[in-house]
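# Tertiary structure, described
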Number of protein chains: 2
Amino acid sequence: MIRVGIDIGGTGIKVGLVNESIQIIREGTVPTVIDIPFEEQVKRIADCVLSTVNSAGLTPDDIESVGIGIPGIASSETGEIIKCTNMGWKHVPFRETFRKFLDKPVFIENDANVAALAESVAGISAGTSSSVFITIGTGIGSGIIINGQIWKGAHGIGGELGHTILDLDGVPCTCGNHGCLERYCSATALIRMAREAVEKHPESAILSIAGGTVSNIEAKTVFDASKAGDPTAVEVYRRYISCLAQAVASVINLLDPEVIVLGGGVSKAGSYLLDPLVREIPQYVLFNDQPLPSVRIAVLGSEAGIIGASMLS
Amino acid sequence: MIRVGIDIGGTGIKVGLVNESIQIIREGTVPTVIDIPFEEQVKRIADCVLSTVNSAGLTPDDIESVGIGIPGIASSETGEIIKCTNMGWKHVPFRETFRKFLDKPVFIENDANVAALAESVAGISAGTSSSVFITIGTGIGSGIIINGQIWKGAHGIGGELGHTILDLDGVPCTCGNHGCLERYCSATALIRMAREAVEKHPESAILSIAGGTVSNIEAKTVFDASKAGDPTAVEVYRRYISCLAQAVASVINLLDPEVIVLGGGVSKAGSYLLDPLVREIPQYVLFNDQPLPSVRIAVLGSEAGIIGASMLS
């Protein structure tokens, strides 16, 4: 038997067939199309599953379950997708509709929760019973695993670390509030800090690496300039690490999981991110003379979405 | 059979006998004494249990278990109290020592966790499987209940909401960091805000109610002046509620428990605290068009320590 994992993204929908050893044995993709009726959107996804199964020499009878990770929230009870802005979905009966085309058990979960589950089952936090996964990209996503299971909250709205307040009356957030954690810890935040810094320090290597154009600055630009010893970049990066360390320490003070896993684009910096972060975290932890959670970089990368979705039950 | 709950405080140690209907049938107290050897401290507590049991017409054979709530942290595995500053305890073998005097199953837990358990078993959050208890006093304590059990973290250092960061580079905290949540949401924080406000507005009723002496200002002073319509007090209280709403909303965004329970001295303000808070919380919750956790005032008061400790297992 295989389990199907589906990763719904803004540009494409990835389908993967996962065997009992938690390996992806076949993948398929279908471009995301949003300007068609909901039922047709769902049929395209189900068709992609069926053709992927077929191309692997399998039949629908070989499918045990179908799991779907979405950038949004869903109800485990009803199988309704409550909100998935990228796809233009609001209160849509996903499970019911999908089963018209492929009648298997269908599970739907937020994509950061799915990635948290994937890492805790088959990734860097495998073998632990509690972990918090933090994905550092355009925003900050997070997923909480407690007693080996996703903790999405009593009303399905938890796991949104990015929108906890880190700075009262701070930087305005896309959500309408001020001072949300993701405004200080995401790639977007690092880029904002760099842009502000080069306004004061136009001689900075950040700007020259970006070809002299402020809007070309990326997270990697700051890493590169900082590695090269550019004082402005070093200072921007120091500040960014300090914010992220305070965010991670807050997770430790409140939840104290076995492991904290960092994923997303910024985590690709590897030890250049992890080493200074791990050095700085303890100073913000209340009981810092005790054993602390281990902080690790995610290992499953883009496969986390498929693997985690396939593990939903 | 009865269960014994012990509440260890800075001035006194309270012992309670709790029956199978989760009612306290007898209480005893012994003053806290810290300048005697550890083993004598423990013997005093055990003696208080024995005399309380005796005074209720019972014998040690009637005791099923002994639970202890401490303002500190302990190891569930070893029964060691790792840190309990009030009592001067650091890495003391509490369970082992206590059982020399009374050989029963002994469980030790942080006092905010104990109160969280008490409310979730016999108080305002009874019948729920997840809740976060926040005690608002000199500092901010908290306890997390998930799947009906205390979640103290993988290393026993979780549940410290008061030392998560709410304001980067903010007000210095007793823990050595800056901007900890308890510096904005505790009674101490409300008093600090009031003192700062009366410096600018010496005409405020806050100061006259405090007899003209800034150091006499208490949380209740601000409540009273605000209820009387004093503009400075109204503004201080508005700011305090805003900070607390952002703190509670952050708990919702991250953990989304069924219920959030507010305890401690400030919670005695009842609906004067709860009503404006509940009005303001949704604006800081990301998915605020969904059902949200119910926010309630604790009901067990000072009995929570004994009842919760007695329920430990």
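Quick summary incoming for the structure in this document.

Scoring rules and cut-offs
Residues numbered from 1 in each chain as written. Chains lettered and ligands numbered in written order. Predicted model: local features only at pLDDT ≥ 70, side-chain atom pairs only at ≥ 80, totals over all residues. Heavy atoms only, no water. Helix = DSSP H or I, 4+ residues; strand = E, 2+ residues; numbered from the N terminus. Expected span 1.5 Å × (residues − 1). Buried < 20%, exposed > 50% of the residue type's maximum accessible area, 1.4 Å probe, protein only. Polar contact = N/O pair within 3.5 Å; in protein donor to acceptor, adjacent residues only side chain to side chain. Contact = heavy atoms within 4.5 Å. Pairing = 2+ DSSP bridges. Least-squares fit on C-alpha atoms with pLDDT ≥ 70 in both. Axes fitted to C-alpha atoms, helices over the stretch in contact; angles between N-to-C directions. Phe/Tyr/Trp six-rings, centres within 6.5 Å; stacked < 30°, edge-to-face > 60°. Lys NZ or Arg CZ within 6 Å of the ring centre and 35° of its normal. Core = buried A, V, L, I, M, F, W, Y, C linked by side-chain atoms within 4.5 Å. Buried area = accessible area lost by both parts, 1.4 Å probe. Salt bridge = Lys/Arg side-chain N within 4 Å of Asp/Glu carboxyl O.

## Focus on helix α3 (residues 111-122) of chain A
Residue and element names in this part refer to chain A. Compared with the 16 Å implied by 1.5 Å per residue over 12 residues, the 16 Å span of α3 between its first and last C-alpha is a close match. Residues A112, N113, V114, A115, A116, L117, A118, E119 and S120 constitute the buried set of α3. Near the N-terminus of α3, the side chain that reaches the backbone nitrogen of A112, with its oxygen 2.9 Å away, is that of N110.

## Description of the side chain of S75 of chain B
All names here are of chain B. Of note, S75 is situated in the loop between β5 (73-74) and β6 (81-84). Judged by relative accessible area, S75 falls into the buried class, the value being 14%. Among the polar contacts listed, one links the side chain of S75 to the side chain of T78, at a separation of 3.1 Å. Ignoring anything within four residues of it in the chain, the contact list for S75 reads E80 and I82.

## A closer look at unusual backbone geometry
All names here are of chain A. One non-glycine residue, D169, lies in positive phi territory at about 60 degrees. On the secondary structure map, D169 appears in the loop between β11 (149-150) and α4 (182-185). For D169, a relative accessible area of 53% puts it in the exposed group. For D256, which is not glycine, the phi dihedral falls at a positive 45 degrees. Checked against the element boundaries, D256 lands in the loop between α8 (231-254) and β12 (259-263).

## Section: the sheet that holds strand β9 (residues 131-136) of chain B
Residue and element names in this part refer to chain B. Reading across the sheet, the five strands line up as β11-β10-β9-β12-β13 and stay open at both edges, with mixed pairing between neighbours. The two strands at the open ends of the sheet, each matched to only one other strand, are β11 (149-150) and β13 (294-297). The pairing of strand β12 (residues 259-263) with β13 spans four bridges and is parallel. In the sheet register, V259 faces β13, and the bridge partner there is S294.

## Topic: the relation of the copies chain B and chain A
Structural alignment of chain B on chain A gives an RMSD of 0.0 Å, achieved by rotating through 180 degrees and translating 0.0 Å along the axis. Those values place the two copies in the arrangement expected of a two-fold rotation axis. Residue D167 of chain B, judged by its C-alpha, is the member of chain B lying nearest the rotation axis, at 2.0 Å.

## Quick notes on the pairing of strand β2 (residues 12-18) of chain B
Residues and elements named next belong to chain B. Burial analysis of β2 places five of its seven residues in the buried class, the great majority of the element. With antiparallel pairing between neighbouring strands as the criterion, strand β1 (residues 2-8) and β2 make up a hairpin whose turn holds three residues. Pairing of β2 with strand β3 (residues 24-31) involves seven bridges; the strand directions are antiparallel. Across the sheet, the residue bridging to V18 is I24, located in β3. A loop of five residues connects β2 with β3, the two strands running antiparallel in sequence, and I22 in this loop sits at a positive phi of about 60 degrees.

## Here we look at the side chain of N113 of chain B
With respect to the secondary-structure elements, N113 of chain B resides in helix α3 (residues 111-122). Leave out the neighbours within four places in its chain, and N113 of chain B touches S142, G143, I144, I150 and K152 of chain B.

## Side note on the sheet that holds strand β13 (residues 294-297) of chain A
Residue and element names in this part refer to chain A. Taken in spatial order, the five strands of this open sheet run β11-β10-β9-β12-β13, and their pairing is mixed. Looking along the sheet, the strands with just one partner apiece sit at the ends: β11 and β13. Both strand β9 (residues 131-136) and strand β10 (residues 140-146) contribute to a ladder of six bridges, which runs antiparallel. Considered in β10, the bridge of I136 is made with I140. Relative to the sheet, helix α9 (residues 271-280) contacts β12 and β13, its axis offset from that of β13 by approximately 170 degrees.

## Let's talk about the packing of aromatic side chains
Residue and element names in this part refer to chain A. Inspection of the entire model under this criterion finds 16 aromatic pairs over all chains. When the ring of F223 is compared with that of Y272, the centres are 6.2 Å apart and the planes differ by 80 degrees; the resulting orientation is edge-to-face. With a gap of 49 residues between them, F223 in helix α7 (residues 219-227) and Y272 in helix α9 connect regions that are remote in the sequence. With a relative accessible area of 23%, Y272 lands in the partly exposed category. Among the aromatic residues, ring-to-ring pairing joins F38, W89, F94 and F98 into one connected group. Lying across the ring of Y184, R192 places its NZ or CZ 5.5 Å from the centre.

## What about the nonpolar core?
Considering soluble globular proteins, one finds that nonpolar side chains tend to be buried as a cluster. Ranked by size, the top nonpolar core spans 119 residues in total, and within it L262 of chain A together with L262 and L273 of chain B carry the most contacts. Setting aside its immediate chain neighbours within four residues, L262 of chain B contacts I134, I136, S267, L273, L274, L277, V295, R296, I297 and A298 of chain B.

## Quick word on the interface of chain B and chain A
Taken residue by residue, the interface counts 52 residues in chain B and 52 residues in chain A. The three residues of chain B that bury the most area against chain A are L168, L254 and F287 of chain B, which together make up 16% of that side's buried surface. In this structure, the connection of chain B to chain A is made through four salt bridges. Where R239 of chain A meets D169 of chain B, a salt bridge forms, and the shortest distance between an N and an O atom there is 3.1 Å. Inspection of the region where chain B meets chain A yields 32 residue pairs in polar contact (both at pLDDT 80 or more). Residue assignment for the side of chain B that touches chain A shows that the elements contributing at least two residues are β6, β7 (89-92), β10 (140-146) and α8 (231-254) of chain B.

## Thoughts on the pattern of salt bridges
All names here are of chain A. Tallied over the full model, the rule gives 22 salt bridges over all chains. Of the charged contacts, one joins E64 and R3 as a salt bridge, the two residues approaching to 3.4 Å between their closest N and O atoms. In this pair, E64 is assigned in strand β4 (residues 63-70) and R3 in strand β1 (residues 2-8), connecting sequence segments 61 residues apart. What makes E64 partly exposed here is its relative accessible area of 36%.

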